[in-house]
Amino acid sequence: MNTTVSKQLFAKAQTLIPGGVNSPVRACKSVGCDPVFIKKANGATITDMDNNQYIDFVGSWGPMILGHNHPAVIEAITRAMANGTSYGAPCELEIELAEMVIDAVPSVEMVRFVSSGTEATMSAIRLARGYTGRKMIVKFDGGFHGHADSFLVKAGSGVITLGIPGSPGVPDDIVKNTISIPYNNPAKLEETLRNPDLEIASVIIEPVAGNMGVVHPAPGFLQKLRDLTKELGIVLIFDEVITGFRASYGGAQAKFGITPDLTCLGKIIGGGLPVGAYGGKKEIMSMIAPTGPVYQAGTLSGNPLAMAAGKATLTELKKPGFYEALNQKAEQFGGELLALAKKSLGEQVCMNQAGSVLTLFFAKGPVYDFDSAMTSDTERYGHYYREMRAAGIYLAPAQFEGMFFSAAHTSEQLEMTLEKTESVFKKLA
Ligand SMILES: *Cc1c(COP(=O)(O)O)cnc(C)c1O
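Residues numbered from 1 in each chain as written. Predicted model: local features only at pLDDT ≥ 70, side-chain atom pairs only at ≥ 80, totals over all residues. Heavy atoms only, no water.

In this section: the overall build of the protein. When helices and strands are tallied, the protein shows 15 helices and 14 strands. Radius of gyration (C-alpha) of the protein: 21 Å, near the 22 Å computed for a compact globule of 429 residues. Taken along its principal axes, the extent of the C-alpha atoms in the protein is 55 × 55 × 50 Å. When burial is assessed residue by residue, the protein has 55% of its 429 residues classed as buried. Relative to all contacts within the protein whose residues are 6 or more apart in sequence, the contacts with residues 24 or more apart total 72%. If you sum the accessible surface of the protein, you get close to 18100 Å²; carbon and sulfur atoms cover 55% of it. Here the protein carries 38 positive and 42 negative side-chain charges, and the mean point of each set is 3 Å from the other. (Helix = DSSP H or I, 4+ residues; strand = E, 2+ residues; numbered from the N terminus. Rg over C-alpha atoms; globule rule 2.2 N^0.38 Å. Buried < 20%, exposed > 50% of the residue type's maximum accessible area, 1.4 Å probe, protein only. Contact = heavy atoms within 4.5 Å. Areas by Shrake-Rupley, 256 points an atom, 1.4 Å probe, with all protein chains shown as cover. Lys, Arg positive; Asp, Glu negative; His and termini not counted. Charge placed at Lys NZ, Arg CZ, Asp CG, Glu CD.)

And the structure:
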């Protein structure tokens, strides 16, 4: 595969932008190659600057659940754009998207829109601290909640694969207010939350983890977390930036029937434009300025193009049978993928799948937390990634991520992917 133009662009980008990229994982460092630069995307196909085509299983890291360039989304953006791109003043589209989110997500009675998932999570913990008057935040090892200072403690894929334990530039004074404990360990959870010295404001969790690769919550774990936080007056935050409108229309909370106090959203609700949101109980959300004293603001928050893209996306997702069809397609693919992997690589691979996202770990498994995820052979994942990309299959350039399916993947594309994958597994064996 000829990637001359991408190579030239990457060389130039590196002189202008740190590492040549605006988000680290894109640099493909952990998979031992250079990135390709994208020219365009349509459906489940992306095309690089050398005009190579790939079947895309990254989907911009989750947002593109309808596929790229979906006509209803493009039409909505185009229509909104004709009226100007930003007002810095309220507009009706914000109300319309808010209504849809509140209607869909059980915990959300009021919602505030921001411009990224990072903004949503950092604002949600500020709110939780303001509401409780306490300062400690509990997260889980391998949980990723964006790049705000408080969360850069054992923080999942991007941080792990760069080999940075936390991050320089984050003061100890800040991270000492964050405790990270193992995912799926109820004893450790209870011991931590019941520790009277800790003054815990909030627990934040990905209800299905997605940034140490896909990891399911063990049966009963989320319920125990809900029961304990309720008893102890701790604000429970579900970070549903990936799972929101992916695990189901109402997110993982609707699927599992467990309602947190606050929810963070992003990715899908922006339909491919920059959006985040946090929402929850009226009583807590009313603490945000201007109704309350907890400050949070944004020049482009509630941007009309982003609201229009989000509304058009949710309108498609709400159609009957959308998730059944997508999950069925993805699960059938997943089953076949795992069978092929086992045939060539036996005990050296395992897979976790949650509906339309899966991770193939180059590890014996089972993978149920950060430490078990870390037993993966990342060198081998790098080899797999490079071979797959050369075969026209575009996967996440890091082991601890997901393979994302969209409504746009055709059965021909999925069959072709399995065929190519089978020969790549044979090479890896
Ligand atoms: C992507 C992600 C974020 C951060 O969202 P950005 O829009 O990249 O800032 C936060 N939490 C989770 C679970 C994510 O996957």
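In the vicinity of the ligand, the residues found are Ser116, Gly117, Thr118, Phe144, His145, Gly146, Glu206, Asn211, Asp239, Val241, Ile242 and Lys267. Gly117 is positioned such that a nitrogen or oxygen atom in its backbone is 2.8 Å from an oxygen atom of the ligand. At 2.7 Å from an oxygen atom of the ligand is found a side-chain nitrogen or oxygen belonging to Thr118. Among the residues forming the shell around the ligand, the class breakdown is three nonpolar, six polar and three charged. (Near = heavy atom within 4 Å. Polar contact = N/O pair within 3.5 Å; in protein donor to acceptor, adjacent residues only side chain to side chain. Nonpolar A, V, L, I, M, F, W, Y, C, P; charged D, E, K, R; others polar.)

The full count for this structure, using the stated rule, is 14 salt bridges. Glu75 is the partner of Arg79 in a salt bridge, and the nearest nitrogen-oxygen pair spans 3.0 Å. With Arg79 and Glu75 both in helix α2 (residues 71-81) and four residues apart, the pair spans about one turn of that helix. Using a relative accessible area of 53% as the deciding quantity, one classes Arg79 as exposed. (Salt bridge = Lys/Arg side-chain N within 4 Å of Asp/Glu carboxyl O.)

If you trace the four strands from one edge of the open sheet to the other, you get β1-β2-β3-β13, paired in mixed fashion. The open sheet terminates on both sides in strands that have one partner only, identified here as β1 (38-42) and β13 (393-394). Pairing geometry for strand β2 (residues 45-48) and strand β3 (residues 53-56), over three bridges, is antiparallel. Within β3, the position partnered with Thr45 by the bridge is Ile55. (Pairing = 2+ DSSP bridges.)

Moving on to the domain arrangement of the protein. Domain boundaries assigned for the protein yield domain 1 (4-69 + 321-428) and domain 2 (71-317). For domain 1 versus domain 2, the separation of C-alpha centres amounts to 25 Å. Counting residues at the interface gives 32 residues for domain 1 and 32 residues for domain 2. Taken together, the two surfaces of domain 1 and domain 2 that pack against each other cover about 2700 Å², and 68% of this comes from carbon and sulfur. Together, Tyr323, Phe370 and Phe400 form the three largest contributors to the area buried by domain 1 at its contact with domain 2, with a combined 23%. The interface formed by domain 1 and domain 2 contains zero salt bridges. Our count for the domain 1 to domain 2 interface comes out at nine residue pairs in polar contact (both at pLDDT 80 or more). Contributing elements (two or more residues each) for the side of domain 1 that touches domain 2: α12 (322-345), β11 (350-354), β12 (357-361) and α13 (370-373). (Domains from an automatic or database assignment. Buried area = accessible area lost by both parts, 1.4 Å probe.)

Moving on, we come to unusual backbone geometry. Most of the time, phi is negative for any residue but glycine, and the peptide bond is trans. Here Ala289 and Pro290 are connected by a cis peptide whose omega angle stands at 10°. Secondary-structure assignment places Pro290 in the loop between α10 (282-285) and α11 (304-317). In this model, Gly365 is joined to Pro366 through a cis peptide bond whose omega is -5°. Along the chain, the position of Pro366 falls in the loop between β12 and α13.

Contact geometry for helix α3 (residues 92-104) and α11: axes closest at 9 Å, N-to-C directions at 35°. When the axes of α3 and α11 are compared, the crossing they make is left-handed. Contacts between α3 and α11 pair Leu93, Glu94, Glu96, Leu97, Met100 and Val101 from the former with Pro304, Met307, Ala308, Gly310, Lys311, Leu314 and Thr315 from the latter. Of the residues assigned to the contact of α3 with α11, the class counts are eight nonpolar, two polar and three charged. (Axes fitted to C-alpha atoms, helices over the stretch in contact; angles between N-to-C directions. Left-handed = near helix turned anticlockwise from the far one by under 90°.)

Let us look at the side chain of Ser123. Mapped onto the secondary structure, Ser123 falls in helix α4 (residues 117-132). Its relative accessible area of 5% is what places Ser123 among the buried residues. Sequence-distant contacts of Ser123, defined by excluding residues within four places in its chain, comprise Tyr278 and Gln296.

Ordered in space as β11-β12-β14, the three strands form an open sheet in which the pairing is antiparallel. Looking at the sheet topology across the chains shown, the edges are occupied by β11 and β14 (403-404). As paired elements, β11 and β12 share five bridges and run antiparallel to each other. For Asn352, the partnering residue across the bridge sits in β12 and is Thr359. The strands touched by α12 are β11, β12 and β14; relative to β11, the strand with the most contacts, the crossing angle is about 175°.

What follows is about the environment of Ala363. Residue position: Ala363 is located in the loop between β12 and α13. Note: C-alpha distance between Ala363 and Cys350 (13 residues apart in sequence) is 6.1 Å. Setting aside residues up to four positions removed in sequence, Ala363 forms contacts with Glu347, Gln348, Val349, Cys350, Thr375 and Ser376.

Attention now moves to the pairing of β12. Among the five residues of β12, five are classified as buried, and the element is accordingly described as predominantly covered. Neither face of β12 is exposed, since Val357, Thr359 and Phe361 on one face and Leu358 and Leu360 on the opposite face are all buried. The turn joining β11 and β12, which pair antiparallel and follow one another in sequence, is formed by two residues; a positive phi near 60° is taken by Gly355. When β12 meets β14, the two strands line up antiparallel, connected through two bridges.

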